[in-house]
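Each chain is listed here by its residues.
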Amino acid sequence: QVQLVESGGGSVQAGGSLRLSCAASGRTFSTYAIAWFRQAPGKEREFVAAISRFGSYTSYADSVRGRFTISRDNAKNTVYLQMNSLKPEDAAVYYCAAGVVYADYRRDPNHYTYWGQGTQVTVSS
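Bear in mind the structure is a predicted one, so any value in this text is a computation, not a measurement.

**Focus on the packing of aromatic side chains**
For step 1, the next point in the chain: A complete count under the given rule lists 5 aromatic pairs for this structure.
For step 2, the next point in the chain: Here the aromatic rings of Phe37 and Trp115 are separated by 5.2 Å at their centres, their planes lie at 45 degrees, and the arrangement is tilted. Of this pair, Phe37 sits in strand 4 (residues 33-39) while Trp115 sits in strand 10 (residues 114-115), placing them 78 residues apart in sequence.
For step 3, the next point in the chain: Among the residues examined, Trp115 registers a relative accessible area of 28% and is labelled partly exposed.
For step 4, the next point in the chain: Ring geometry for Tyr112 and Trp115: centres 6.4 Å apart, planes at 70 degrees, overall edge-to-face.
For step 5, the next point in the chain: By relative accessible area, which is 6% here, Tyr112 ends up buried.
For step 6, the next point in the chain: Among the aromatic residues, ring-to-ring pairing joins Phe37, Phe47, Tyr112 and Trp115 into one connected group.

Here you go:
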C-alpha cells in the first residue's frame, strides 16, 4: 500500500515557476514508476510526465517538454515536478500516481494503482 501526498501548488503569473512535490509513504517506493497527470475543468485527465523506478528514464508530454522536469529522490520517498515558464493553459489540478508501469504504458493513467489527492495550480496571464 502506498499513500501519495502532493504539495507545492499555488497561484503564479505566466512565465513563473512552481515546484510540485509528491511524498509517498511505505518502504517500497522504488518499486514504482511515478507520473504526474493534470486535469483542468471540463477536460480529461492528461499525462504530464513520468519517471522510472530509479530515475533513469523520464518522459514528458509534448506540451511541457523543455519547461517541466521530473525527478525523484528515493531516499526521501519523494518525486518532484519543476515547472518553469508556466502558461495559463498549464492551470489544472495536478495529481501524482504510482504503479508498476513500464515503457509507453507510463503515459496511461489506467496503469497506475495509487493516486494522490491533487494540488491546484493556477496561472494568470
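Here the narrative resumes.
**Describing the sheet that holds strand 7 (residues 68-73)**
For step 1, the next point in the chain: As summarised here, the arrangement of the 4 strands in space is 1-3-8-7, forming an open sheet in which the pairing is antiparallel. Each of the sheet's edge strands pairs with one partner strand only, and the pair in question is strand 1 (4-7) and strand 7. Going across the sheet, the axis of each strand differs from the next one's by a mean of 15 degrees, ignoring polarity.
For step 2, the next point in the chain: Relative to strand 8 (residues 78-83), strand 7 is paired through 6 bridges, and the arrangement is antiparallel. Among the inter-strand pairings, Ile70 is bridged to a residue of strand 8, identified as Leu81.

**Brief notes about the side chain of Ser59**
For step 1, the next point in the chain: If you trace the backbone, Ser59 turns up in strand 6 (residues 58-60).
For step 2, the next point in the chain: Dropping the residues within four chain positions of it, Ser59 is found in contact with Phe47, Val48, Ala49, Ala50 and Arg107.

**Some words on the environment of Ser59**
For step 1, the next point in the chain: Overall, the relative accessible area of 6% leaves Ser59 in the buried class.
For step 2, the next point in the chain: Along the chain, Ser59 and Val48 lie 11 residues apart, while their C-alpha atoms are 8.4 Å from each other.

**Quick word on the environment of Leu20**
For step 1, the next point in the chain: With respect to the helices, strands and loops of the structure, Leu20 is situated in strand 3 (residues 18-24).
For step 2, the next point in the chain: Setting aside anything within four residues of it in sequence, one finds Leu20 in contact with Ser7, Gly8, Gly9, Trp36, Val79, Tyr80, Leu81, Met83, Tyr94, Thr119 and Val121.

**Side note on the nonpolar core**
For step 1, the next point in the chain: Ranked by size, the top nonpolar core spans 39 residues in total, and within it Trp36, Leu81, Met83 and Tyr94 carry the most contacts.
For step 2, the next point in the chain: Those elements giving two or more residues to this core turn out to be strand 3, strand 4, strand 5 (46-51), strand 7, strand 8, strand 9 (92-99) and strand 11 (119-124).
For step 3, the next point in the chain: Those residues in contact with Tyr94, other than ones at most four positions away along the chain, are Glu6, Leu20, Trp36, Phe37, Arg38, Val48, Phe68, Leu81, Met83, Gly118, Thr119 and Val121.

**What about unusual backbone geometry?**
For step 1, the next point in the chain: In this model, Asn77 sits at a positive phi of 50 degrees, which is unusual for a non-glycine residue.
For step 2, the next point in the chain: Within the secondary structure, Asn77 sits in the loop between strand 7 and strand 8.

Calculation criteria
Residues numbered from 1 in each chain as written. Predicted model: local features only at pLDDT ≥ 70, side-chain atom pairs only at ≥ 80, totals over all residues. Heavy atoms only, no water. Phe/Tyr/Trp six-rings, centres within 6.5 Å; stacked < 30°, edge-to-face > 60°. Helix = DSSP H or I, 4+ residues; strand = E, 2+ residues; numbered from the N terminus. Buried < 20%, exposed > 50% of the residue type's maximum accessible area, 1.4 Å probe, protein only. Pairing = 2+ DSSP bridges. Axes fitted to C-alpha atoms, helices over the stretch in contact; angles between N-to-C directions. Contact = heavy atoms within 4.5 Å. Core = buried A, V, L, I, M, F, W, Y, C linked by side-chain atoms within 4.5 Å.

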